[in-house]
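This is what each chain is made of:
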Amino acid sequence: QVQLVESGGGLVQPGGSLRLSCAASGLLFSIYGMGWYRQAPGKQRELVATITGSGSTTYADAVKGRFTISRDNAKNTVYLQMNSLKPEDAGVYYCKAYRSNGMNYWGKGTLVTVSS
């Protein structure tokens, strides 16, 4: 079975940094695109960043220049480095594995709180 397990969330002050990890199992990791999404209370889930199997990335405008998505195919892990965090970055961050015209898989999320 496919499993995606996020880790690294926590409480940070505005301007601080966090590094999220998503460990995947049960799939051929290298052929899946990976994405990070987030959902704040009372809001829709939104795309944060994506990375293809070969390393091509996209970012939401709100995080461009502050967040970096990366992957280590040998470790079946995708990362999200988050710098210069703002209160509006807070929420539950979810990892997704996807293939074009194929199945999507989701992790259960990790909570990021940005507060003084």
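Use the structure listed above.
Small disclaimer: the values here were computed from a predicted structure and weren't measured.

Analysis parameters
Residues numbered from 1 in each chain as written. Predicted model: local features only at pLDDT ≥ 70, side-chain atom pairs only at ≥ 80, totals over all residues. Heavy atoms only, no water. Core = buried A, V, L, I, M, F, W, Y, C linked by side-chain atoms within 4.5 Å. Buried < 20%, exposed > 50% of the residue type's maximum accessible area, 1.4 Å probe, protein only. Helix = DSSP H or I, 4+ residues; strand = E, 2+ residues; numbered from the N terminus. Salt bridge = Lys/Arg side-chain N within 4 Å of Asp/Glu carboxyl O.

A. Highlighting the nonpolar core. Counting residues in hydrophobic clusters, the biggest one holds 26 residues, and the most contacted among them are Met34, Trp36, Val78, Leu80, Met82 and Tyr93. Breaking this core down by element, the ones donating at least two residues are β3 (18-25), β4 (33-39), β5 (46-51), β7 (67-72), β8 (77-82), β9 (91-98) and β11 (110-114). The element best represented in this core is β3, accounting for 4 residues.

B. Inspection of the pattern of salt bridges at higher detail. A complete count under the given rule lists 4 salt bridges for this structure. The partner of arginine 38 in a salt bridge is glutamate 46, and the shortest N-O contact between them spans 2.7 Å. For glutamate 46, a relative accessible area of 38% corresponds to the partly exposed category. Notably, a salt bridge pairs arginine 66 with aspartate 89, separated by 2.7 Å at the nearest N-O pair. One end of the pair, arginine 66, is in the loop between β6 (57-59) and β7; the other, aspartate 89, is in the loop between β8 and β9, and 23 residues separate them in sequence. One continuous salt-bridge network, built from bridges that share partners, spans Arg38, Glu46, Arg66 and Asp89.

C. Spatial organisation of the environment of serine 100. Take serine 100: it is sitting in the loop between β9 and β10 (104-106). Judged by its relative accessible area of 65%, serine 100 falls in the exposed class.

Taken by themselves, the reported measurements are silent on function.
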